[in-house]
Amino acid sequence: MTDDEIKALFLRELHRIAPEAELNQIDPAVDLREQIDLDSMDILNLAIAIHEATGVDIPEADYPQMTSLNGCVAYLHSRAG
Amino acid sequence: MADFLMPSLGADMEAGTVLQWLVKPGDAVKRGDIVAVIDTEKATIEVEIFQTGVIQKILVPEGEKVPVGTLLAVLAVDGEVAAAAPEAKPAVRAPIVPAPAAPTPPVAPPIVPQPAREVAAPHRARISPLAMRVAMELKVDLATVKGTGPEGAITKADVERAAKAPPTPAPAPRVAAPIEGPAPAAPPKPVVAPIDRSAAMRKVIAAAMARSKREIPHYYLGNHIDMSKAMGWLQAENLKRPVTERLLYSVLLLKAVALATHEIPEMNGFWIDGAFKPSEAVHVGVAISIRRGGLIAPAIHDVDKKSLGEIMLSLRDLVKRVRAGVLRSSEIADATITVTSLGDNGVESVFGVIYPPQVALVGFGKIVERPWASGAMVGARPVMMASLSGDHRASDGHRGALFLAAIERLLQEPEKL
């Protein structure tokens, strides 16, 4: 997957999880738990959605690495590579 | 005949707006079918019907706000169907979103004129409940919105775009169809009443919580629970589970609370008309915050009978729908005890306000590493504060203490939950 594809997937799922968030104002470097008040259930749903779309199995211990947009892209690259 | 009334979806609801009918006269419905979408100050609710039969008449049109208890529709129950308005074709289950197709002309002229089309809106575009709610919030007239979703469905984005666009030339007013008998004098009504949901939600929470504190003599108990066994078990369990089936620790808490009510049944049920009515079923209300402000505590049904995996699925589904703002009537109305967990918000203890007519609320704080003495040794353990807000009319502190002790004991054997 390219970076753009990962980003598009991430934002699409984020919209599903937090429909009220203004996605074009998201800072890709900042933790979404602080930025748009995501909780553990939201992070889990994000992990599930990304797993279902990419087939990458994401261990629970790695969730903290994918709580920002940039973090998620970097994480999926490290797992795919 | 049976009446279908505007339901009371919780102690804090006084009125609701009919957003959408998913059935029309002549449709067969069975218990549990979702027949209408109702907007309350707190959420968009898919309302289930509790009787099986055939819809005879719809008395409140879409867009109208009416008090709880108002007759919304009349239903012919089994055996009465023959006497009902003849149908041109066998009733089929209405699609969730009425198709915009024109009504098919009846093969034979019906003997009794059908009131059906008076209320049904055959020309309406497909629209999701979320988009509809946003339209109400932004005061957008849906007749002016062009749908870009599948089959021309109006999406939330379409509504938001329409809200930003300069006002279009006055759209043709949609005249509310007369319900029964001739009422041609009725002035055109706005399709939906504009609602500022956050202010409205604040108001209903204020009313319910003030009522709770006025009527319910609360007592409060707190207990620190060693969570090392529960968290250790959960971690090992999640390693075995694929990402789609992993559990959050709140699922263990919900199950422990549900099972503890079997031991101390005074915590599970309602205080109604000056007496405690215990509930056989254990429907646990889960306080879920709404990110734009406010909260709602829909129920997960029969938590005591569900496996941890099943509770997790229900919880995920519930949180998703709370975030989207669409819930079902049974979830809103019938919690028998409520759990609030503020662990994610980083506080260590919470003493909640009981949601009337329930009689108990269990609070869980954040799990923190703390020194913990056990067997003459002190070690660091994950510790969580569990609290109980109890209704002193229904139970006493002693029973409440036993209840918290039962929750603690159950959490020490997570594999049995």
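What about the overall build of chain A?
Item 1. The helix and strand tally for chain A stands at four helices and zero strands.
Item 2. Mapped from its N terminus to its C terminus, chain A presents α and β elements in the order α-α-α-α.
Item 3. Seen through its C-alpha atoms, chain A measures out along the principal axes to roughly 30 × 25 × 20 Å.
Item 4. Evaluated residue by residue, chain A yields a buried proportion of 30% over its 81 residues.
Item 5. Counted over contacts in chain A with a minimum sequence separation of 6, partners at least 24 positions apart contribute 57%.

Comments concerning the domain arrangement of chain B
Residues and elements named next belong to chain B.
Item 1. Here chain B is described as being made up of domain 1 (1–118) and domain 2 (218–416).
Item 2. Residue-level contacts link twelve residues of domain 1 with 13 residues of domain 2.
Item 3. A breakdown of the residues in the side of domain 1 that touches domain 2 according to their chemical character gives six nonpolar, three polar and three charged.

Description of the nonpolar core
Item 1. Counting 110 residues, the largest nonpolar core has Leu254(B), Val257(B), Val284(B), Ile300(B) and Ile407(B) as its most contacted members.
Item 2. With residues up to four places along the chain from it excluded, the contact list for Leu254(B) reads Val284(B), Ile300(B), Val303(B), Ile311(B) and Val339(B).

Some points on the sheet that holds strand S5 (residues 44–48) of chain B
Residues and elements named next belong to chain B.
Item 1. Taken together, five strands build an open sheet; the order of strands is S7-S2-S4-S5-S16 and the sheet is mixed. Both outer strands of the open sheet, strand S7 (65–67) and strand S16 (326–328), are each paired with one neighbouring strand and no more. Neighbour-to-neighbour, the strand axes of this sheet turn through a mean angle of 40°, independent of strand direction.
Item 2. Bridging between strand S2 (residues 15–21) and S7 involves three bridges; their strand directions are antiparallel.

Some words on the interface of chain A and chain B
Item 1. Taken together, the 16 residues of chain A in the interface contact 14 residues of chain B.
Item 2. Element by element, the count of residues in the side of chain A that touches chain B is highest for helix H3 (residues 40–54) of chain A, at seven residues.
Item 3. Here the residues of the side of chain A that touches chain B sort into eight nonpolar, three polar and five charged.

Quick look at the environment of Val286(B)
Residue and element names in this part refer to chain B.
Item 1. Mapped onto the fold, valine 286 is located in strand S12 (residues 284–286).
Item 2. Each C-alpha atom, one on valine 286 and one on alanine 299, is 6.0 Å from the other, the two residues being 13 residues apart in sequence.
Item 3. Those residues in contact with valine 286 that lie beyond four places of it in its chain are Ala297, Pro298, Ile300, Leu315, Leu318 and Val339.

A word on helix H3 (residues 156–164) of chain B
Item 1. Every buried residue of H3(B) is listed here: Lys156(B), Asp158(B), Val159(B) and Ala162(B). All buried residues of H3(B) lie within an arc of 160° about the axis, which places them on one face of the element.

Side note on the sheet that holds strand S6 (residues 53–58) of chain B
Residues and elements named next belong to chain B.
Item 1. Across the sheet, which stays open at both edges, the four strands sit in the order S1-S8-S6-S3 with antiparallel pairing between neighbours. Only two strands of the sheet have a single partner each, and these edge strands are strand S1 (2–5) and strand S3 (28–29).
Item 2. In terms of strand pairing, S6 meets strand S8 (residues 71–77) through five bridges, oriented antiparallel. By the bridge assignment, glycine 53 is partnered in S8 with valine 77.

Here we look at the pairing of strand S17 (residues 337–341) of chain B
Residues and elements named next belong to chain B.
Item 1. Taking burial as the measure, the five residues of S17 include five buried ones, the bulk of the element.
Item 2. Neither face of S17 is open: one carries Ile337, Val339 and Ser341, the other Thr338 and Thr340, and all of them are buried.
Item 3. Sheet analysis places S12 next to S17, joined by three bridges and oriented parallel. Bridging from a neighbouring strand, valine 284 pairs with isoleucine 337 of S17.
Item 4. Of the strand pairs in this sheet, S17 and strand S18 (residues 360–364) are connected by four bridges, and their pairing is parallel. Following the sheet pairing, valine 339 is matched in S18 by valine 362.

A look at unusual backbone geometry
Item 1. Note that the residue after Pro356(B), namely Pro357(B), is joined by a cis bond; omega there is 5°.
Item 2. Inspection of the secondary structure assignment puts Pro357(B) in the loop between S17 and S18.

Topic: the environment of Arg16(A)
Item 1. Relative to the helices and strands, Arg16(A) resides in helix H1 (residues 3–17).
Item 2. For Arg16(A), a count of 14 C-beta atoms within 10 Å corresponds to the partly exposed category.

Remarks on the packing of H1(A) against helix H4 (residues 69–80) of chain A
All names here are of chain A.
Item 1. Here H1 crosses H4 at 130°, and the two axes come no closer than 10 Å. Of the possible angle classes, the one that applies to H1 and H4 is oblique. By crossing handedness, the relation of H1 to H4 is classed as right-handed. Facing Asp3, Ile6, Lys7 and Phe10 of H1, the residues of H4 in contact are Leu69, Cys72, Val73 and Leu76.
Item 2. Considering only residue class, the contact of H1 with H4 consists of six nonpolar, no polar and two charged.

Looking at the environment of Lys57(B)
All names here are of chain B.
Item 1. In this structure, lysine 57 sits in strand S6.
Item 2. Residue classification places lysine 57 among the buried positions, given that 21 C-beta atoms sit within 10 Å.
Item 3. Each C-alpha atom of the pair lysine 57 and proline 25 lies 5.5 Å from the other, and the pair is 32 residues apart in sequence.

Reading the values: rules and limits
- Residues numbered from 1 in each chain as written.
- Chains lettered and ligands numbered in written order.
- Predicted model: local features only at pLDDT ≥ 70, side-chain atom pairs only at ≥ 80, totals over all residues.
- Helix = DSSP H or I, 4+ residues; strand = E, 2+ residues; numbered from the N terminus.
- Buried ≥ 20, exposed ≤ 12 C-beta atoms within 10 Å, placed from the backbone.
- Contact = placed C-beta atoms within 7 Å.
- Domains from an automatic or database assignment.
- Nonpolar A, V, L, I, M, F, W, Y, C, P; charged D, E, K, R; others polar.
- Core = buried A, V, L, I, M, F, W, Y, C linked by C-beta atoms within 7 Å.
- Pairing = 2+ DSSP bridges.
- Axes fitted to C-alpha atoms, helices over the stretch in contact; angles between N-to-C directions.
- Arc of directions from axis to C-beta.
- Parallel < 35°, antiparallel > 145°, perpendicular 65-115°, else oblique.
- Left-handed = near helix turned anticlockwise from the far one by under 90°.

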